[in-house]
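# Fold and contact review
Here's the letter readout for the chains.
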Amino acid sequence: MSKQFNEVIDQLNKTCKIMNVDNNELEILRKPDRIIEISLPVLMDNGRVKVFTGFRVQYNNIRGPYKGGIRFHPKVNLDEVKSLAFWMTIKCAVANIPYGGGKGGVIVDVKKLSQGELERLSRAYARGFADFIGPLKDVPAPDVYTNPQIMAWIMDEYSRIKGENTPGVVTGKPVEINGSLGRDTATSLGGFFVFEQVLDKMKIKKNQINLAVQGFGNVGMNFALIAYNAGYKITAVSDSKGAIYNEKGLNIKEVVSHKQITGSVINFKNAKNITNEKLLELPNEILIPAALENAINKKNANKIKAKIILELGNGPVTQEAEIKLQKKHILIIPDVLANSGGVIVSYFEWVQNLTNYYWEQTKVEADLKKQIINAFKIVWQIMESQNNNDMRTAAYIVGIRRLVNALKIRGIK
Ligand code: GLU
């Protein structure tokens, strides 16, 4: 077992110990139900065939169909996909939506593909996994470097194979082809609702804090926009090319257009360029990692000055770092709660597909707010009852309790 999944299982064991969970259920949750690895041959523009490697890990479906995104990234590996699939299982249980957990990935650098190559790769993924996915089996969605257009190709290819229009096979589709209004901003908006709940509990006022957002993809950018429009001061943001900082606050709308024009947030006129490492170590009260795993690790944990970390990306804080941060009384709002807005609205999209009745954006956002605040309240209450500031373990207690109950009631035999 390699490092990341090892840590995942450690966290599971630690939580189960606190909860006194029966070993039978724990045994089941320790391993994914199914791991699938396939070869994806793609005809490249130069006339040659390139074979990519694709994964789907179906972790657990005791509470509903497997659910989780597909990641396209050069560093994708099975250990990572297994960890992400486990986190989806916990996330859906914490959010109390009727899904299990899964995750997919392809080892690829999308920046090196033409649009045609990207389409052929996405369709190859749908063909390769056609027998394993489906609205009541396993429902993929976007993740790092996948987007609504890719979901549209997967949905189209799957529908052709099955001979039936099947929008419910993936979520995060464009609204023109049965996607949901509000899905594109759902992860960020959900994170914002949780963030404001935490501020309220901790009696922190908007004007007392500065925010730093690491990652300016769909999730980081939309969170920065939502927070900026709500009057929060964001002094730093970053993307893979570097970070920018202005202690007086950034005009996020202008940063968004700057990124659209230049391809990066760096070299923005009203800020100075800083390194990505520096952004994480700024004296800002709130740090929002919204990129890849392990950004905060044993090397930089002692340099973190934030009071609250809102995990909008999956797995940004390693276990070793978390121990150090907790000693410093830094509150970590865990990924399985903080970024669950995405999969919550994926659930709403799927409900709309299955019923063929489409909701207004105001209903999507109101229902998201209700669902995620309910999850927050239970997690906060458990954390308080444990007398500590370990919100991750509290969230795991909520999720594992629901999974274990479902396993018990359905029966293992
Ligand atoms: N990839 C997102 C996540 O990690 C969304 C998953 C989904 O909507 O199924 O939560």
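This section reports on the structure supplied with the text. (Residues numbered from 1 in each chain as written. Predicted model: local features only at pLDDT ≥ 70, side-chain atom pairs only at ≥ 80, totals over all residues. Heavy atoms only, no water.)

### Here we look at the sheet that holds strand β11 (residues 308–310)
Taken in spatial order, the seven strands make up an open sheet running β9-β8-β7-β6-β10-β11-β12, and their pairing is mixed. Sheet topology places β9 (272–274) and β12 (331–333) at the edges, where each strand pairs with a single neighbour. Going from strand to strand, the sheet's axes swing by 20° on average, the running direction of each strand aside. (Pairing = 2+ DSSP bridges. Helix = DSSP H or I, 4+ residues; strand = E, 2+ residues; numbered from the N terminus. Axes fitted to C-alpha atoms, helices over the stretch in contact; angles between N-to-C directions.)

### Examining the nonpolar core
Counting residues in hydrophobic clusters, the biggest one holds 95 residues, and the most contacted among them are Phe195, Leu211, Phe223, Val237, Ile333 and Met391. The contact partners of methionine 391, leaving out residues within four places of it in the chain, are Val198, Leu331, Ile332, Ile333, Pro334, Leu337, Phe376, Val379, Trp380 and Met383. Core analysis: the second largest hydrophobic core is formed by 28 residues, Phe72, Leu113, Ala124 and Ile133 among them. (Core = buried A, V, L, I, M, F, W, Y, C linked by side-chain atoms within 4.5 Å. Buried < 20%, exposed > 50% of the residue type's maximum accessible area, 1.4 Å probe, protein only. Contact = heavy atoms within 4.5 Å.)

### So, the site of the ligand
Neighbouring the ligand are 14 residues, the closest being Lys67, Lys91, Pro142, Asp143 and Ser346. Lysine 91 places a polar side-chain atom, nitrogen or oxygen, 2.6 Å from an oxygen atom of the ligand. Aspartate 143 is positioned with one of its side-chain polar atoms (N or O) 2.8 Å from a nitrogen atom of the ligand. Surface burial for the ligand is 94%, taken as the share of its 290 Å² of free accessible area covered by protein chains. Breaking the shell around the ligand down by element, the ones donating at least two residues are β3 (66–73), α3 (78–95), β5 (138–142) and α12 (341–355). Residue composition of the shell around the ligand, grouped by class: four nonpolar, five polar and five charged. (Near = heavy atom within 4 Å. Polar contact = N/O pair within 3.5 Å; in protein donor to acceptor, adjacent residues only side chain to side chain. Areas by Shrake-Rupley, 256 points an atom, 1.4 Å probe, with all protein chains shown as cover. Nonpolar A, V, L, I, M, F, W, Y, C, P; charged D, E, K, R; others polar.)

### Overview of the sheet that holds strand β2 (residues 49–60)
Spatial strand order, β1-β2-β4-β3-β5: five strands in an open sheet with mixed pairing. The strands lining the two open edges of the sheet, one partner per strand, are β1 (34–43) and β5. When strand polarity is set aside, the average angle formed by the axes of neighbouring strands in this sheet is 25°. In terms of strand pairing, β3 meets β5 through five bridges, oriented parallel. When the bridges of β5 are listed, glycine 68 appears paired with proline 140.

### Re the packing of aromatic side chains
For the structure on display, the rule yields 14 aromatic pairs. Relative to tryptophan 359, the ring of phenylalanine 348 has its centre 5.2 Å away and its plane inclined at 40°; by these criteria the two rings are tilted. In this pair, phenylalanine 348 is assigned in helix α12 and tryptophan 359 in the loop between α12 and α13 (361–386), connecting sequence segments eleven residues apart. In this structure, phenylalanine 348 and tryptophan 359 share a single accessibility class: buried. On the numbers, 5.5 Å between centres and 35° between planes, the contact of phenylalanine 376 with tryptophan 380 is tilted. Of this pair, phenylalanine 376 and tryptophan 380 are both found in helix α13, four residues apart, which corresponds to roughly one turn of the helix. In this structure, phenylalanine 376 and tryptophan 380 share a single accessibility class: buried. One aromatic cluster is present, built from ring pairs that chain together Tyr99, Tyr347, Phe348, Trp350 and Trp359. Here lysine 67 stacks its cationic end above the ring of tyrosine 99, 5.9 Å away from the centre of that ring. Over the ring of phenylalanine 5 we find lysine 82; its NZ or CZ atom is 4.6 Å from the centre of that ring. (Phe/Tyr/Trp six-rings, centres within 6.5 Å; stacked < 30°, edge-to-face > 60°. Lys NZ or Arg CZ within 6 Å of the ring centre and 35° of its normal.)

### Structural notes on the pattern of salt bridges
In total, this model carries 24 salt bridges according to the counting rule given. Taking the shortest distance from any N to any O, the salt bridge between aspartate 390 and lysine 14 comes out at 3.4 Å. Here aspartate 390, found in the loop between α13 and α14 (391–410), pairs with lysine 14, found in helix α1 (residues 3–19); they are 376 residues apart in sequence, far enough to count as distant. Overall, aspartate 390 belongs to the buried group, its relative accessible area being 9%. The class for lysine 14 is partly exposed, based on a relative accessible area of 39%. Arginine 127 is paired through a salt bridge with glutamate 157; the nearest N and O atoms lie 3.1 Å apart. Highlighted residues: arginine 127 in helix α4 (residues 115–129) and glutamate 157 in helix α5 (residues 148–162), separated in sequence by 30 residues. On the basis of relative accessibility, which here comes to 11%, the residue glutamate 157 falls in the buried class. Three or more residues are tied together by salt bridges with common partners; here these are Glu119, Arg123, Arg127, Asp156, Glu157 and Arg160. (Salt bridge = Lys/Arg side-chain N within 4 Å of Asp/Glu carboxyl O.)

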